[in-house]
Amino acid sequence: MANKPTDTFEAGGNASFGRFNTFQADAYVSGPLSDTLKGRIAVTGTRSGGWQENYTRDDSIGRQKKLAGRLLLDWEPSDRLRVNLDLNGWIDKSDNQIPQFVQASPRVATQADPRLFLQPAAPRNARAADWDAGRPFDRNNKMGQAILRLDYDVTDQLTLTSLTNYAYVSIDSIFDNDGTALPLSYVNTSGHVEAFNQELRLAGRIGAANVTVGASFADDNSYESSFQDYGGILSSTTNVGATPENPDGVGDILSNENRGRQTNRAYAVFGNLEYELSPQLTVLGGVRYTDIRHTNQACSADTGAGDFSGVINALFGGPITQPGGCITLAFDGAAFTAPFPVQKFKEDNVSWRLGVNFKPNPDTLLYALVSRGYKAGNYPVINATARSQFEPVRQEKLTSYEAGVKAGLADGRVQLNLAGYYYDYRDKQLLTNTTDPVFGLLPVLANVPRSRVIGFDFDATVKPVDGLTLRGSVGHADSKIKDFAGYDAFNTPVDLSGKSFNFSPKWTANADVEYRFPAGSLEAFVSGDMSYNGATYADLAQTSSLRIDPYTIYGLRAGIGAPDCSWTATVWGKNVFDKYYWYNVQVGYDTIWRLTGMPATYGVTLSFRM
């Protein structure tokens with residue numbers, strides 16, 4: 001949440017310089033502009049050199065070039081009316097991370113380029129990577145947003161609020177999809193998202209109850225183009241005739257484009273009630289009805305060169321499609337066609353929550369909550385030669401049961417928070433695999449009929465002596481799919497029942513220790529932190545080569561500054577033991593690759609406030 005404009009003049013900033021010639025700076029100015037108007041403006045930026053090094057030649061990549069800003073205005077023309085305007089945006093022209101080559105994994109080994117099997121695996125060094133020489137793998141992404149909030153006090157107990165939100169995001173990003181110097185595959189994703197939301201609500205105190213009622217409207221539209229270039233190499237993906245299902249001589253796919261245009265329109269009404277049965281006991285409840293309309297127009301297409309359309313016509317007895325046209329096929333009972341239809345579907349749902357809060361004393365809260373929520377469905381933008389592959393995922397339903405305690409002890413020196421939960425999912429949207437007769441295995445979102453998560457979260461803050469603060473947290477999440485079948489990473493059908501969610505470690509933990517002490521007329525501090533993530537998998541089938549190993553990383557900080565925080569100087573290190581770990585691993589085109597976490601970084605930060 002952004003800091004609000006202040007009643008008095010304030011200004012401040014931070015400047016950091018660290019490893020890889022990384023320079024980060026931010027600054028803000030805040031204060032009154034008139035008797036009724038306050039403002040705050042803040043900017044932040046990052047520039048750095050490349051942090052990844054090529055292990056087969058002298059080259060580097062991974063430069064950062066980011067800029068962001070925010071303008072906040074608070075206007076109070078009367079005692080009853082408050083107007084808040086938030087204008088913010090960012091530009092990101094950084095390099096994309098290069099995946100690290102793990103091993104060759106061609107669809108048909110005999111048809112893969114022989115040079116693929118000569119590629120050296122990346123060393124176990126987070127910086128090591130290999131990519132196409134002379135090709136940029138960067139992005140040019142932008143976002144702009146405007147948020148307008150109006151609060152009008154209808155009475156001393158009742159406030160009418162209007163929230164208007166508009167955002168526009170554009171992307172143009174190039175990603176290497178094989179992790180080698182061979183031009184096996186790169187993907188250029190471009191497009192935009194435009195979103196508008198309007199909410200009107202009435203909230204206030206009625207007797208012993210806090211009541212809120214309202215309605216909202218949301219409309220968003222997006223266009224995405226995913227251009228995939230295979231560099232002319234006759235890999236086992238692009239040499240279609242080499243695959244077991246297809247005849248010889250049908251040609252090669254040198255490039256293709258996935259096109260998708262979607263709109264989503266949602267209407268909702270909602271209400272919420274919090275009622276105090278006594279000073280210690282509060283019950284709460286809420287309900288929301290949402291109606292959503294989805295439309296989509298998508299296909300995989302020839303890029304205009306005619307290679308993809310030629311393959312499709314050869315495979316299915318063309319002419320069916322032409323250069324530059326869609327190649328996603330439909331069968332009308334007599335012949336194949338390549339249409340570009342508009343698809344539509346509707347969803348509606350009723351989400352709700354019921355809970356109780358009990359405060360036996362001012363420092364302790366016991367609570368229990370049961371709720372139901374939904375995640376809207378959507379259409380995929382994927383490589384697809386069959387129109388049926390563009391069937392949407394439907395909305396997922398979550399029924400959540402949670403209970404917990406928040407307790408302050410020892411005159412505020414100890415804060416303990418514990419929560420246990422059970423999540424019951426229906427049609428959960430999870431990333432899995434599907435198969436295509438031309439492209440083979442493809443990642444796609446799918447609805448898993450039944451699944452659940454059982455877990456708990458615990459965190460504590462302890463201040464045993466003046467100046468010393470200990471913080472720690474631990475989380476456990478045991479996820480399980482109850483009944484579902486799919487494919488593993490090598491296109492083999494598998495039963496996924498009993499498997500855990502992908503990218504979902506069972507155990508996570510964090511800890512932080514800080515000690516502050518006087519240093520003459522100044523204040524000094526030393527601190528350290530730890531973060532642990534347990535083992536998980538990148539796919540639901542838990543393919544051994546797609547395992548993400550557990551890892552623990554440590555950080556250190558030390559600094560000195562004025563007791564009133566008017567200035568501070570800090571030296572810091574992140575991942576100080578240079579732990580090698582990765583957070584994603586996938587099967588690309590003829591390779592298995594992984595995305596590594598950042599290596600050890602260190603630097604100095606200077607801060608000031610006035």
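Residues numbered from 1 in each chain as written. Predicted model: local features only at pLDDT ≥ 70, side-chain atom pairs only at ≥ 80, totals over all residues. Heavy atoms only, no water.

Thoughts on the environment of K4
- With respect to the helices and strands, K4 occurs in the segment before β1 (10-18).
- Residue class for K4 comes out exposed when judged on its relative accessible area of 62%.
- Separated by 37 residues in the primary sequence, K4 and I41 place their C-alpha atoms 9.9 Å from one another.
- The contacts of K4, once residues within four sequence positions are left out, are S30, R40 and L72. (Helix = DSSP H or I, 4+ residues; strand = E, 2+ residues; numbered from the N terminus. Buried < 20%, exposed > 50% of the residue type's maximum accessible area, 1.4 Å probe, protein only. Contact = heavy atoms within 4.5 Å.)

Describing the pairing of strand β15 (residues 281-301)
- Across 20 bridges, the pairing between strand β14 (residues 255-276) and β15 is antiparallel. Paired with F270 across the bridge in β15 is R288.
- Across 16 bridges, the pairing between β15 and strand β18 (residues 343-361) is antiparallel. Counterpart to N296 in the pairing with β18 is Q343. (Pairing = 2+ DSSP bridges.)

Let's talk about a nonpolar patch on the surface
- On the surface, a nonpolar cluster with roughly 670 Å² of combined accessible area is contributed by F9, V29, I41, I560, W567, F608 and M610.
- By relative accessible area, F608 is classed as partly exposed at 39%. (Patch = residues over 30% accessible without salt bridge, like charges linked within 9 Å, V, L, I, M, F, W, Y side chains within 5 Å. Areas by Shrake-Rupley, 256 points an atom, 1.4 Å probe, with all protein chains shown as cover. Salt bridge = Lys/Arg side-chain N within 4 Å of Asp/Glu carboxyl O.)

A closer look at the layout of surface pockets
- Estimates place the volume of the second largest pocket at around 450 Å³.
- Lining the second largest pocket are 21 residues, with K4, L72, D74, N84 and R149 positioned closest to its centre.
- Listed by contribution, the elements that provide at least two residues to the lining of the second largest pocket are β6 (65-75), β7 (81-92) and β10 (141-153).
- Residues that form the lining of the second largest pocket fall into these classes: eleven nonpolar, two polar and eight charged. (1 Å grid on protein atoms, 1.4 Å probe; cavity = no way out; pocket = protein on both sides within 12 Å on 5 of 7 lines; lining within 4 Å. Points joined across faces, edges and corners; volume = space filled by probe spheres on them. Nonpolar A, V, L, I, M, F, W, Y, C, P; charged D, E, K, R; others polar.)

Here we look at a positive patch on the surface
- A contiguous patch of positive charge on the surface is contributed by R47, K65, K93 and K142.
- By the element assignment, K93 lies in the loop between β7 and β8 (100-104).
- Accessibility expressed as a relative area gives 40% for K93, which makes it partly exposed. (Lys, Arg positive; Asp, Glu negative; His and termini not counted. Charge placed at Lys NZ, Arg CZ, Asp CG, Glu CD.)

With respect to the pattern of salt bridges
- With the rule as written, the count across this model stands at 28 salt bridges.
- Close ionic contact of R115 with D113 constitutes a salt bridge, the shortest N to O distance being 3.0 Å.
- Take R115: its relative accessible area is 43%, and that puts it in the partly exposed class.
- Between R557 and D529 there is a salt bridge whose closest N-O contact spans 2.8 Å. In this pair, R557 is assigned in strand β30 (residues 551-561) and D529 in strand β27 (residues 522-533), connecting sequence segments 28 residues apart.

Re the sheet that holds strand β5 (residues 60-61)
- Spatial ordering of the open sheet is given by β5-β4-β9, a layout of three strands whose pairing is mixed. In this open sheet, the two strands that pair with only one neighbour each are β5 and β9 (128-129).

So, the state of the cysteines
- Applying the stated criterion across every chain yields a total of one disulfide.
- Paired by a disulfide, C299 and C326 hold their sulfur atoms 2.2 Å apart. In this structure the cystine formed by C299 and C326 twists about its S-S bond by roughly -70°; its chirality is therefore left-handed. With C299 in strand β15 and C326 in the loop between α1 (307-316) and β16 (330-331), this residue pair connects regions lying 27 residues apart in the sequence. You'll find C299 and C326 in the same group, each marked buried. (Disulfide = S-S within 2.5 Å.)

A few points about the nonpolar core
- By size, the foremost hydrophobic cluster in this structure holds 13 residues, and its most contacted members are L430, V453, I481, F484 and F501.
- If you list the elements that add at least two residues to this core, you get β21 (414-436), β22 (440-462) and β23 (468-481).
- Residues within four places of F501 in sequence aside, it is in contact with Y425, K428, L430, S451, R452, V453, S479, K480, I481, T536 and L540. (Core = buried A, V, L, I, M, F, W, Y, C linked by side-chain atoms within 4.5 Å.)

Overview of the sheet that holds β8
- Spatial strand order, β8-β33-β32: three strands in an open sheet with antiparallel pairing. The open sheet has two free edges, formed respectively by β8 and β32 (582-587), since each of these has just one partner strand. For this sheet, the mean inter-axis angle between neighbouring strands, taken without regard to orientation, is 20°.
- Bridge analysis of β32 against strand β33 (residues 591-596) gives five bridges, and the strand direction is antiparallel. Residue pairing in the sheet places V585 in a bridge with R594 of β33. (Axes fitted to C-alpha atoms, helices over the stretch in contact; angles between N-to-C directions.)

Quick look at the packing of aromatic side chains
- Enumeration over the complete set of coordinates arrives at 14 aromatic pairs.
- Judged by centre distance (6.0 Å) and plane angle (75°), the rings of F456 and W507 are edge-to-face. Here F456, found in strand β22, pairs with W507, found in strand β26 (residues 507-519); they are 51 residues apart in sequence, far enough to count as distant.
- Classification of F456 as partly exposed rests on a relative accessible area of 28%.
- Exposure remark for W507: the relative accessible area of 38% places this residue in the partly exposed category.
- Through a chain of ring-to-ring contacts, three or more aromatic side chains come together here, namely Y421, Y423, Y425 and F501.
- Positioned above the aromatic ring of Y28, the side-chain terminus of R40 is 4.2 Å from the ring centre.
- Sitting over the ring of W131, R57 keeps its end group 5.4 Å from the ring centre. (Phe/Tyr/Trp six-rings, centres within 6.5 Å; stacked < 30°, edge-to-face > 60°. Lys NZ or Arg CZ within 6 Å of the ring centre and 35° of its normal.)

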